[in-house]
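Tertiary structure, described
Now for the letters of each chain:
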Amino acid sequence: MMVAPLLGSIANGLVLRSSEAKRAGTLATVAVFVSFFCALILFSQVASGAGEPIEMSWPWIQIGNLNIEWGFRFDRLTSVMSLVITGVGSLIHLYSIGYMSHEKGSYRYFAYLNLFVFLMLVLVSAGNLAALFVGWEGVGLCSYLLIGYWFEDPEKAKAGMKAFLVNRIGDAGFLMGMFFCYQLFGTLDFQKINAAIDAQSGFNIQLMNIAAFFLFVGATGKSAQVPLYVWLPDAMAGPTPVSALIHAATMVTSGIYLIARLEPLFVMTTDTNTVIAFTGLGTALLAAFIATSQRDIKKVLAYSTVSQLGLMVLALGCRAYVAALFHLVTHAFFKALLFLGSGSVIHALEGEQDISKMGGLRKSLPVTSLTFLAGTVAIAGIPPLAGFFSKDTILHAALVADFRLWIGGAVVATLTAFYMFRLYSLTFLGTYRGKAHPHESPWVMTLPLVILAVASVFAGFLGVPHEFHWIPNFFEEYLKPVIPPYEFEGTLAISSHQAMLITTGLAFLSSALALVIFSRAKSTETKISLFRPFQMVFENRFWVDELYGALFVRPFQAISKFFAAIVDPKVIDGGILLMSRAAKRLGGVVVLVQTGNVQWYLFLMMIGVVGGLFLLLRGRVI
Amino acid sequence: MMSAILVSLCVLPIIGASLIFLGPEKLARKTALAVSLLCLALSIPLYFGFDGTQSQIFQGVVSIPWVPALGIKFALGIDGLSFPLVLLTQLMLPIAILASWHEERNPKAFMACFLVLSSFMTGTFLATDLFLFYVFWEAMLIPMILLIGVWGSQERIYAALKFFLFTFAGSLLMLLAVVTLFVSYKTQTGVMTADISELTKVVLSKEPILFGLNIQDLVFWGFTLAFLVKVPLFPLHTWLPDAHVQAPTGGSILLAAVLLKMGTYGLLRFSIPFGSESFSRFAPLIAVLSLVGILYGAFVAFQQQDMKKLVAYSSVSHLGLVVLGICTQNLEGLTGSVIQNINHGLSTGALFFMVGFLYDQRHSRLFSDYGGLAALIPWYSFFLVLVACSSMAVPGLNGFVGEMLILLGTFEANPWWAGIGVLGVVFGALYTLTLLKKTLFGPVTANENRSLKDLSWRETVPLIILALFMLWIGLAPGFLINKMKPTLENYWKKPQSAYAMSGNPK
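Residues numbered from 1 in each chain as written. Chains lettered and ligands numbered in written order. Predicted model: local features only at pLDDT ≥ 70, side-chain atom pairs only at ≥ 80, totals over all residues.

1. Here's the deal with the overall build of chain A
- Check the secondary structure of chain A and you find 26 helices and 2 strands.
- The buried share of chain A, taken over its 622 residues, is 56%.
- At a minimum sequence separation of 6, the contacts of chain A that also span at least 24 residues come to 81%. (Helix = DSSP H or I, 4+ residues; strand = E, 2+ residues; numbered from the N terminus. Buried ≥ 20, exposed ≤ 12 C-beta atoms within 10 Å, placed from the backbone. Contact = placed C-beta atoms within 7 Å.)

2. Side note on the overall build of chain B
- Counting its regular elements, chain B contains 20 helices and 2 strands.
- Its C-alpha atoms give chain B a radius of gyration of 22 Å, within 12% of the compact-globule value 23 Å for 506 residues.
- Expressed along its principal axes, the backbone C-alpha trace of chain B runs to roughly 75 × 55 × 40 Å.
- Of all 506 residues assigned to chain B, the portion counted as buried reaches 62%.
- Partitioning the intrachain contacts of chain B with sequence separation of at least 6 by distance along the chain shows that 78% fall at a separation of at least 24. (Rg over C-alpha atoms; globule rule 2.2 N^0.38 Å.)

3. Looking at the interface of chain A and chain B
- Every contact between the two is made by 52 residues of chain A and, on the other side, 57 residues of chain B.
- For the side of chain A that touches chain B, the secondary structure elements donating two or more residues are strand E1 (54–63), helix H5 (129–147), helix H6 (154–185), helix H24 (544–587) and helix H26 (597–618) of chain A.
- In terms of residue count, the dominant contributor to the side of chain A that touches chain B is H6(A) (13 residues).

4. What about unusual backbone geometry?
- Put simply, Val231(B) and Pro232(B) share a cis peptide bond, and its omega is -10°.
- Turning to its location among the elements, Pro232(B) is positioned in the loop between helix H8 (215–230) and helix H9 (239–246).
- Looking along the chain, the bond that leaves Phe234(B) and enters Pro235(B) is cis, with omega of 0°.
- For Pro235(B), the location among the structural elements is in the loop between H8 and H9.
- Here the phi dihedral of Arg319(A) falls at roughly 65°; this positive angle occurs in a residue that is not glycine.

5. Topic: the packing of H9(B) against helix H12 (residues 307–327) of chain B
Residues and elements named next belong to chain B.
- Taken N-terminus to C-terminus, the directions of H9 and H12 make an angle of 140°; their axes are 9 Å apart at the nearest point. In terms of orientation, H9 lies oblique with respect to H12. H12 is crossed by H9, and the crossing has right-handed handedness. Together, Leu 240, Pro 241, His 244 and Val 245 of H9 and Lys 308, Lys 309, Ala 312, Tyr 313, Ser 315 and Val 316 of H12 make up the contact between the two elements.
- For the contact of H9 with H12, the class distribution of residues is 6 nonpolar, 2 polar and 2 charged. (Axes fitted to C-alpha atoms, helices over the stretch in contact; angles between N-to-C directions. Parallel < 35°, antiparallel > 145°, perpendicular 65-115°, else oblique. Left-handed = near helix turned anticlockwise from the far one by under 90°. Nonpolar A, V, L, I, M, F, W, Y, C, P; charged D, E, K, R; others polar.)

6. Here's the deal with the pairing of strand E1 (residues 59–67) of chain B
Residues and elements named next belong to chain B.
- The pairing of E1 with strand E2 (residues 72–78) spans 6 bridges and is classified as antiparallel. Across the sheet, Gln 59 pairs through a bridge with Ile 78, a residue of E2.
- A loop of 4 residues connects E1 with E2, the two strands running antiparallel in sequence, and Gly 71 in this loop sits at a positive phi of about 70°. (Pairing = 2+ DSSP bridges.)

7. With respect to helix H3 (residues 83–99) of chain B
- Over its 17 residues, H3(B) runs 25 Å from end to end, which matches the ideal 24 Å to within 8%, given 1.5 Å per residue.
- Most of H3(B) sits out of view: 17 of its 17 residues are buried. (Expected span 1.5 Å × (residues − 1).)

8. Focus on the nonpolar core
Residue and element names in this part refer to chain A.
- Counting 410 residues, the largest nonpolar core has Leu 314, Ala 315, Ala 324 and Ala 336 as the members making the most contacts within it.
- At 18 residues, the largest contribution of residues to this core is made by helix H15 (residues 321–348).
- Ignoring any residue separated from it by four or fewer positions in sequence, one finds Ala 315 in contact with Ala 320, Ala 323, Ala 324, His 327, Ile 394 and Ala 397. (Core = buried A, V, L, I, M, F, W, Y, C linked by C-beta atoms within 7 Å.)

9. A closer look at the confidence of the model for chain A
- Averaged over every residue, the pLDDT of chain A is 81; the share at 70 or more is 87%.
- In this model residues 589–596 of chain A is a low-confidence stretch, pLDDT under 50, and it forms 9 contacts with partners more than four residues away in sequence or in other chains. (pLDDT = per-residue confidence, 0-100.)

10. Focus on the confidence of the model for chain B
Residue and element names in this part refer to chain B.
- Across chain B, the average pLDDT comes to 86, with 97% of residues at 70 or higher.
- By mean pLDDT, the top-scoring element of chain B is H12 (92), and the lowest-scoring one is helix H20 (residues 493–502) (46).
- Ignoring residues within four places in sequence, the model shows residues 495–506, a span with pLDDT below 50, making 12 contacts including any to other chains.
- The ipTM for the predicted assembly is 0.87, set against a pTM of 0.88.

11. Considerations on the packing of helix H15 (residues 378–391) of chain B against helix H17 (residues 415–440) of chain B
Residue and element names in this part refer to chain B.
- Put simply, H15 and H17 touch, their axes get as near as 10 Å, and they point 170° apart. Compared by their axis directions, H15 and H17 come out roughly antiparallel. On the side of H15, the interface is formed by Ser 381, Leu 384, Val 385, Ala 388 and Ser 391, while H17 contributes Thr 432, Leu 435, Leu 436 and Leu 440.
- For the contact of H15 with H17, a count of residues per class yields 6 nonpolar, 3 polar and no charged.

12. Details of the environment of Thr274(A)
- Checked against the element boundaries, Thr274(A) lands in helix H13 (residues 270–291).
- Separated by 44 residues in the primary sequence, Thr274(A) and Cys318(A) place their C-alpha atoms 8.0 Å from one another.

Printed below as a string of structure tokens:
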């Protein structure tokens, strides 16, 4: 499963370097398809019986008591993740053949993409924190290379660098979390950590909270949460299929995966969970508001991704790990679909990304339009599409945990329906406001759209919430050996049925509202936002980037400049030179230094020997 | 067998150097390369012959009386501490020679300098006699200064002198310490010896004699200052950027890959065994300086406009990490340091090699003259990205193994230090990515760059070899760690027990 994409990457990147997009792309796609079938076979193995994991390991770093292995473990959780990665991944590879057909030297693109799939599989099948970190940083690196794929454009190269650096801040947190885990449990192996927690409760809960907190910091980087989410919208500089695969379906969910993987640890850490839940909610709200006012089709989807990831994190904070994972899966389907759809639009309009210059594309792009609509309805949480079920499970968990969280979540859900239908209306409904001649994409691009649309429509039935108790929750049942199901406790402010009715009703209302307002847009000047008074705030994304610039980036540059221009040459070097000059004058040996090194050497050597003897005598050693 | 290899590694390059002087100018480069490859070939039986199960004993011992009256011997031997560094030296020498292939100014002397330098460097690592070590240590300066001062860039004389004065000032302090040890041993046992393991048995008075420091502290600092200058540890680092920038490519490679390692090697071989108590006392101070150096080096590197300066300051940052690992006084930190020493040699050696490749063609090291090279020389760009990844410790490559072990050890010693140390990881990515961005990415700004040639075999082969080692250490460092395991696992036990046994002085 894992070797195939790696080989594909090496073959494309180092050996063949075929300039033809079709050949490189076909090879890469076949590699991921092979991987997908292997994942299916493995899935059938772990799905049968009690779900015993398949394990593999060989030595990596071993010294003293420390033993870090290349440990891989394929259990049911891994099977879910790897099916999503290779399944969605192979569709996106297929799509890329069409999308990148006009590119020269796209072998590089496909090599990175294959490498990414490989490292992502390393991440989800790693048996310990260190091996996971290999995938964790590796996918970050691929993301960096792919965002900056069009490196001639300095803006794009910069966006890639920003993504890598912001992720590195998270990674620093991850490392600290890993060290705390090692200190607590004496191992980095997930199974051993989880077993140790299950077996005894004597661990220092304070330390566990700290460890969990630092790991969560790592997750905020990778999964684009406040305060480290700022890289994701910029990451849209990469080719659109990359946004679909890396920045929507897979890599950004690895933070969610990490926390779900260490579920026994996070179940215990109540304080950290509060932080997690509110961070998730805050992210979801912030990004949803921003998404309502963006003009760039990909930016809307990017903020939507941040917002949806926020919902998943909210679920994690409420200890609803299965709910988070289920939303992860459904989100992978519909968000990949939406990104690929937007890619199809951008492809058709020869690179136009501004939605105020779109509209009416329903007629010229029928397949794209229809599948995009499926994705929109799914993410908006309208029953019975996938997003409805997964989002409802999360909101239910929030309701159980804290009524405030539920209210926030409901607002996010409402906003989601609104900005998605705004996007759909402005792009596909009304009249066309641009100048290009839109045309439907080739089958390699539309086929993945259709498959993903079907998945987005029906995937929800895999994990039907408990309110519909007559349909079993297959997803929860399947993950039972890895993650014990979520337990319902406490009394609720409103019944869960009422809650569901309210949120669904709000989703319908806001969808309709958006449709009515934005489907009639005629000129590029038409208003594209509802929240007039706040539009400036949203459009400028709450000035977060500017704030970070003032708080961190500029001070850093100033300090760095101060050190490089003043401290190093003047203070330190100057100080030492001054000392040496003084010494030279004192000793009157300036001439010696300049006439011949040998004499100077011998002279000082003598002083040294004499001085040494003197010290020895004073020390009364002799 | 082992002894013969050790002696050959020390002597062969000098013979080679004499051959170069005798032979015609045309053959100078080829002779040098042949000799260096021979040494590299010899390190293969050395690798397999080295017994990785022994801990404290030197292997392949050679001992020839030299100054019998003073108990000084020409004594060589190898153990787990010197083993990886000796191999690294042999690996980097042919690469440095290949990087210097196009030097037209007196190539005979130039090549001879490299070979002589290699002899002395190997000797420094192998010496088991304190005086022999000191001789090699000082002798090494001569070819290095010549390399910088004769074949360097515009301000080579200034850089060479600065390099000399800094290291020499350190050496003087070390000489004091050496003499102190030597004399103390004589007075305590009545015998004269310069054997390193014998000298660790010296008991030094604990009475404060100078600013509250006792003799052991003074001996410790005598050695340590000399080594910290060489490392170089903040704030003793200012000779390094000048030396690196002015040195020819081959010189920079050996300076970064091997010479700086002598500082950390010296700490482990001399400072700590001779002053274990003092080290325990001063380790926090040194650790704080290393932390400052990690961040400071990264800050300053980030601002550089000159590629070589950026790499030089990155060395300050990286070696700060190595020293930090030693200061943890635990096994993880120590192992990490030893590994990171090698890693830094590989990755920084490769970086200087690659900067030199551009300099040879364009005679510029300034970022402003480059940009967009990824479109022009793709193989070069591939290797530069790979080496950059190794340098910023992307897991799966060598840098990560070292950094993670060091930080893990640091965390055990003091979580707050580790907290600051991981910031170094973030800043490390910052300046490394800046290096990539300013050379490889963006539009092609200078038209001269369009005629740049991509790597030829002369560059590709060394880079492939370095890349393979980076992957090997990153994926399966066992091949290296296992050879040093007993040495490392006993390291922190050794000095303490020696001290406990000897008790108080009479």
